[in-house]
Amino acid sequence: MEPPAAQPCAACGDDACAACRSCSYALCRACLDEDTAEGRTTCARCGGEYAAVPDPAHGNDGAEAEEVESHHAASGLRGRVTMGSHLSDRQDEVSHARTMSSLSGIGSALNDESGKPIWKNRVESWKEKKNEKKASAKKAAAKAQPPPVEEQIMDEKDLTDAYEPLSRIIPISKNKLTPYRAVIIMRLIVLGLFFHYRITNPVYSAFGLWMTSVICEIWFGFSWILDQFPKWCPINRETYVDRLIARYGDGEDSALAPVDFFVSTVDPLKEPPLITANTVLSILAVDYPVEKISCYVSDDGSAMLTFESLAETAEFARKWVPFCKKYAIEPRAPEFYFSQKIDYLKDKIHPSFVKERRAMKRDYEEYKVRINALVAKAQKTPEEGWIMQDGTPWPGNNPRDHPGMIQVFLGETGARDFDGNELPRLVYVSREKRPGYQHHKKAGAMNALVRVSAVLTNAPYILNLDCDHYVNNSKAVREAMCFMMDPTVGRDVCYVQFPQRFDGIDRSDRYANRNVVFFDVNMKGLDGIQGPVYVGTGCCFYRQALYGYGPPSLPALPKSSVCSWCCCCCPKKKVERSEREINRDSRREDLESAIFNLREIDNYDEYERSMLISQMSFEKSFGLSSVFIESTLMENGGVPESANPSTLIKEAIHVISCGYEEKTEWGKEIGWIYGSVTEDILTGFKMHCRGWRSIYCMPVRPAFKGSAPINLSDRLHQVLRWALGSVEIFFSRHCPLWYGYGGGRLKWLQRLSYINTIVYPFTSLPLIAYCCLPAICLLTGKFIIPTLSNAATIWFLGLFMSIIVTSVLELRWSGIGIEDWWRNEQFWVIGGVSAHLFAVFQGILKMIAGLDTNFTVTAKATDDTEFGELYVFKWTTVLIPPTTILVLNLVGVVAGFSDALNSGYESWGPLFGKVFFAMWVIMHLYPFLKGLMGRQNRTPTIVILWSVLLASVFSLLWVKIDPFVGGTEPVNSTNCNTVIC
């Protein structure tokens, strides 16, 4: 039996040696000595005394207990949960806390020159100023009187907020979760009994149909398990932004960590510059210290239109940013702020607000006119190419062959706002492109931004957004920092993922564009395991995790194993290792991208560290840039002290050259991972395999909002791209079925979720077959189920009831509406029989023959009214399979009624089962049918559908009854014959 785990230190996580008698606040020996040296005498939480913590492995050592008791009785202690103590740089106690690299030059942004935490100095300085203010405000006679009780309470609250956790987990109520789990287990049991009945009771009269249906049902059951069990432990989270401010401060003296924003765009004619500009403006105006925000815009199409629109945006930002911060505007994207249909005067008390808002709206409209003029001018490219204002040709005239370009518009050396205040840095980046090189689309552009930002600003955190996703909540960065900068939470967090929310979607969300079930159900379930998957936008990364380093909890390798490759190391006696240890190390090398872990490098002195950096291993991993390599070792960010500011732009141009990534680990183990059009899934998967965890943050006000394609064809092509990426991952070496087992860092339920993300497109094959079965049964008169016995009826009813109850309980704990759930079910069928099927075949062709099939889309109609794009019909080959299935089932229903009318009343019983099956398919494809028919003079599609069906059925009944034939006609015929005879 293993001994129980020791109580961790509240400051650094090491084994504690003393704890408060009253509140059990624990400290290790090193933190105990530090507090004693600083003169703190009692527990910060309750003012109690400390007592020795018994060793769980060896029992309570009396001598050690007496030593601790006498130690704190003589000098006193005051323990604190501080970020400063967690990040304090102790070179003599590396094992106690994770230390910072001495190569960081300016050191951590959280410590001052003496190494003492800045936030701790701020709290102490605040207390001194408060005491001085009290002394000067009161007379000598009143000084002896105690302060009011209310003031004492406020003082205690401010100090308490600085030490409280910055977030907390809100578990789902047991009254909601326990029945949900019980029904899942019951459904699993019923599913097993159902499959037993289906397999042991074949239908020999329709053996082919029966076999097809059983295979499809088994696959559906497997898919349900992959989707259901990762939702076993859903959780909610809550953040405390006020505590973050109390701990790290606000304004110029804030100790908040810097953040680099990444925005990527390619073609300004498909991604309107005005939308990208609104995203940039919302970033520049976020509620965060301006000197700690940098925005990098990647123009992967090297378009002069993007460059000029960004220059106009930088100029308009000088007016827009101070206006937003002065009046606390939400959202801070002007296009969406001015289009809000709300009372914009609510909570506004400044008398000049209306006048300034009116002037700002006029300025924005003038800015829009300038942007629209640039777009109109760019519609036709001159034969000689674009010319810049100074008369020189635009370097990016050939988007496939141009040099790297970087332009800093705003920041330390740029213009200030109209109030004279500093603005966040805004940088335009267009990486070099040359024929013959692989550029890896969006993933390659993001990796170029990682290197450029590391050279210029090197913020420890990166937040990436698509060009059409603007900041809807100005405090979104602070929300992320509540997790990243909390020492009790953020040590092993690689990224914080925000849900995607969208504007401009029709009220009924016909094609499930909002993905409510995925973002509000599945992602909450993953947050209770190892964290949500990375969805490509609205995600705040820890930069060191992108470099391939392992989390702090990863056990450090022995020093000898780190430097055994070095030719300058002295040869040592070879230590024999077992085959199991060799296999374990080889699996570990597969997970660890970089040769070294940061904590291992910190164990070396300056000479050893500089020697390691100069070796080929770092250059093979990160590329030939000493400035960038040095920045990767700076755990808390900052530009290296050895870097020359005058040459930083030149170095930044170097790291975005098209040949920089050759023979390196970029895209393989470092940065955004290549090999799939859905690079987001791969990137997050690699991080989780290394042992990192992620966090799902859902603020009350959505952090970011974007736009989504709302017409049928564009929506299906978007789903096709996602499904194709999953198929590519399935056939790659990073497939979750066989990758990442070394080290056991990826939890099994997390692995199930990743397996589900790469196998779901293959569900299209059994789904198409299953949707065709009702029509075939109606046309042939056969059925896939034999005559039901009493036991079989119970299993069928039990399965249907368990499906319904599971869905109801899921809606109950998640809080989503039944309409959102039904739309998700409908589009699961629509996408499965269309986009997913094409993705499977395209992925197989790409793997076998290297063929890349493109689907062309042609617009057929347009509409300028609200949600007009919803009614746009664009023909594409993706629409063929679901159209065929829909027509086949409609014909089958009519044929089934016709056969029942001709066969008599005994055939009506089996008919209802077949028709119910066919109507299940038709109702799931109803939004697709509605999209095919367009607006059709605003006649509801459901009316047309039921009109056709009912007209067909009544026509058959009319023919069968034949009311115009008289009942005496046979008699007249007989009489006639009699007369003749």
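In this convention, every chain numbers its residues from 1, walking through the sequence in written order. At least 70 in pLDDT is required for a residue's local features to be given in this predicted model, at least 80 for side-chain atom pairs to be given and counted, and no such filter applies to totals for whole chains, interfaces and linings, which use all residues. Excluding hydrogens and water, the side-chain figures rest on all heavy atoms present in the structure.

Which entries qualify depends on this criterion: UniProt positions are given in the numbering used here, feature names are shortened, and annotations may be inferred rather than shown by experiment.
Per an unreviewed UniProt entry, the chain is named cellulose synthase (UDP-forming), and its organism is Digitaria exilis. According to its UniProt record, the chain has this under Catalytic activity (unreviewed entry): "[(1->4)-beta-D-glucosyl](n) + UDP-alpha-D-glucose = [(1->4)-beta-D-glucosyl](n+1) + UDP + H(+)". Regarding the chain, the UniProt comment filed under Sequence similarities (unreviewed entry) reads as follows: "Belongs to the glycosyltransferase 2 family. Plant cellulose synthase subfamily."

1. Observations concerning the overall build of the chain
Definition in use: Segments assigned H or I by DSSP are reported as helices when at least four residues long, segments assigned E as strands when at least two residues long, and all are numbered from the N terminus. For the exposure calls, accessible area comes from a 1.4 Å probe over protein chains only, and a residue counts as buried if that area is under 20% of its type's maximum, exposed if over 50%, partly exposed in between. Contacts are assigned to residue pairs that have any heavy atoms within 4.5 Å of one another.
When its secondary structure is counted, the chain shows 36 helices and 18 strands. In the chain, which comprises 981 residues, the share counted as buried stands at 51%. When contacts within the chain are restricted to residue pairs at least 6 apart in sequence, long-range pairs at least 24 apart make up 78% of them.

2. Quick notes on the packing of helix 10 (residues 273–284) against helix 13 (residues 353–377)
The condition is simple: Orientation is described by lines fitted to C-alpha atoms, with helices fitted over the stretch in contact, and by angles between N-to-C directions that extend from 0 to 180 degrees. In this scheme, roughly parallel covers angles under 35 degrees and roughly antiparallel covers those over 145, while 65 to 115 is roughly perpendicular and the rest are oblique. Three categories are distinguished: nonpolar for Ala, Val, Leu, Ile, Met, Phe, Trp, Tyr, Cys and Pro, charged for Asp, Glu, Lys and Arg, and polar for the others, with Gly belonging to the last.
Interaxial distance between helix 10 and helix 13 falls to 10 Å at its minimum, and their mutual angle equals 135 degrees. In terms of orientation, helix 10 and helix 13 fall into the oblique class. Taken together, the residues of helix 13 that come into contact with helix 10 (itself represented by Pro273, Leu274, Ala277 and Asn278) are Tyr364, Tyr367, Lys368, Ile371 and Val375. A class-by-class count of the residues in the contact of helix 10 with helix 13 yields seven nonpolar, one polar and one charged.

3. Details of helix 9 (residues 241–248)
Selection criterion: The directions from the helix axis to the C-beta atoms form the arc being described.
Among the residues of helix 9, those classed as buried are Val241, Arg243, Leu244, Arg247 and Tyr248. The buried residues of helix 9 occupy an angular sector of 155 degrees when the element is viewed end-on, so they sit on one face. With its phi angle positive at about 80 degrees, Gly249 sits one or two positions after the end of helix 9.

4. Focus: the UniProt feature "binding site: UDP-alpha-D-glucose" (unreviewed entry) in the chain
The UniProt record marks Ser264, Lys270, Glu271, Asp300 and Lys441 with the feature "binding site: UDP-alpha-D-glucose" (unreviewed entry), using the residue numbering of this structure. Within the fold, Ser264 resides in strand 6 (residues 259–265). Apart from the residues within four sequence positions on either side, Ser264 is in contact with Ser298, Lys442, Met446, Leu465 and Cys467.

5. Quick word on the sheet that holds strand 2 (residues 26–27)
Put simply, the rule reads: Pairing between strands is defined by DSSP: at least two bridges between the two strands are required.
Taken together, three strands build an open sheet; the order of strands is 2-1-3 and the sheet is antiparallel. Of all strands in the sheet, those bounded by a partner on one side alone are strand 2 and strand 3 (50–52).

6. Some thoughts on the UniProt feature "transmembrane region" (unreviewed entry) in the chain
Those places that UniProt annotates as "transmembrane region" (unreviewed entry) correspond, in this numbering, to residues 178–197, 203–226, 759–779, 791–809, 829–849, 870–891, 911–929 and 941–961. Counted over residues 178–197, helix gives 100% and strand 0%. Its end C-alpha atoms are 29 Å apart. Between the end C-alpha atoms of residues 829–849 there is a gap of 29 Å, over a span that is 86% helix and 0% strand.

7. Quick notes on unusual backbone geometry
The peptide bond linking Glu330 to Pro331 adopts the cis configuration, its omega dihedral lying at -10 degrees. Here Pro331 shows up in the loop between helix 11 (304–327) and helix 12 (334–338). Residues other than glycine seldom take positive phi values, yet Asn458 does so here, at roughly 55 degrees. Relative to the helices and strands, Asn458 resides in the loop between helix 14 (441–456) and strand 10 (461–466).

8. Regarding the environment of Val203
When you line up the elements, Val203 lands in the loop between helix 7 (174–200) and helix 8 (207–228). Sequence spacing of Val203 and Pro786 is 583 residues, and the spatial spacing of their C-alpha atoms is 5.9 Å. If sequence neighbours within four positions are ignored, Val203 has contacts with Trp210, Phe783, Ile784, Ile785 and Pro786.

9. A look at the sheet that holds strand 13 (residues 501–503)
Read from one edge of the open sheet, three strands run 11-16-13, paired in mixed fashion. Edge positions in the sheet fall to strand 11 (470–471) and strand 13, since each has one partner strand and no second. Across two bridges, the pairing between strand 11 and strand 16 (residues 704–707) is antiparallel. Across the sheet, the residue bridging to Tyr470 is Lys705, located in strand 16.

10. Description of the packing of helix 8 against helix 27 (residues 748–759)
Running from N to C, helix 8 and helix 27 cross one another at 135 degrees; their axes reach a closest spacing of 8 Å. Taken as axis vectors, helix 8 and helix 27 run oblique relative to one another. Contact residues: helix 8 offers Trp219, Ser223, Leu226 and Asp227, while helix 27 offers Leu752, Ile755, Asn756 and Val759.

11. Quick word on the environment of Thr883
This is how it is decided: Polar contacts, as used here, are pairs of N or O atoms within 3.5 Å; protein pairs need one atom able to donate a hydrogen and one able to accept it. Residues neighboring in sequence count only if both atoms are side-chain atoms.
Tracing the chain through its elements places Thr883 in helix 32 (residues 880–903). Thr883 gets classed as partly exposed once you look at its relative accessible area, which sits at 23%. A distance of 2.6 Å separates a polar atom in the side chain of Thr883 from the backbone oxygen of Leu879.

12. Things to note about the pattern of salt bridges
Rule in force here: Basic side-chain nitrogens of Lys or Arg form a salt bridge, by our definition, when they fall within 4 Å of a carboxyl oxygen of Asp or Glu.
Throughout the structure, instances matching the rule amount to 28 salt bridges. With its nearest N and O atoms 3.0 Å apart, the salt bridge here joins Glu217 to Arg198. Within this pair, whereas Glu217 is found in helix 8, its partner Arg198 is found in helix 7, the two being separated by 19 residues in sequence. Arg198 carries the same exposure label as Glu217, and that label is buried. Between Asp527 and Arg237 there is a salt bridge whose closest N-O contact spans 2.8 Å.

13. Considering the side chain of His402
Looking at the element boundaries, His402 is found in the loop between helix 13 and strand 8 (405–410). Overall, His402 belongs to the buried group, its relative accessible area being 1%. Ignoring sequence-local partners within four residues, the contact set of His402 consists of Ser302, Pro395, Gly396, Ser430, Arg431, Glu432, Lys433 and Arg434.

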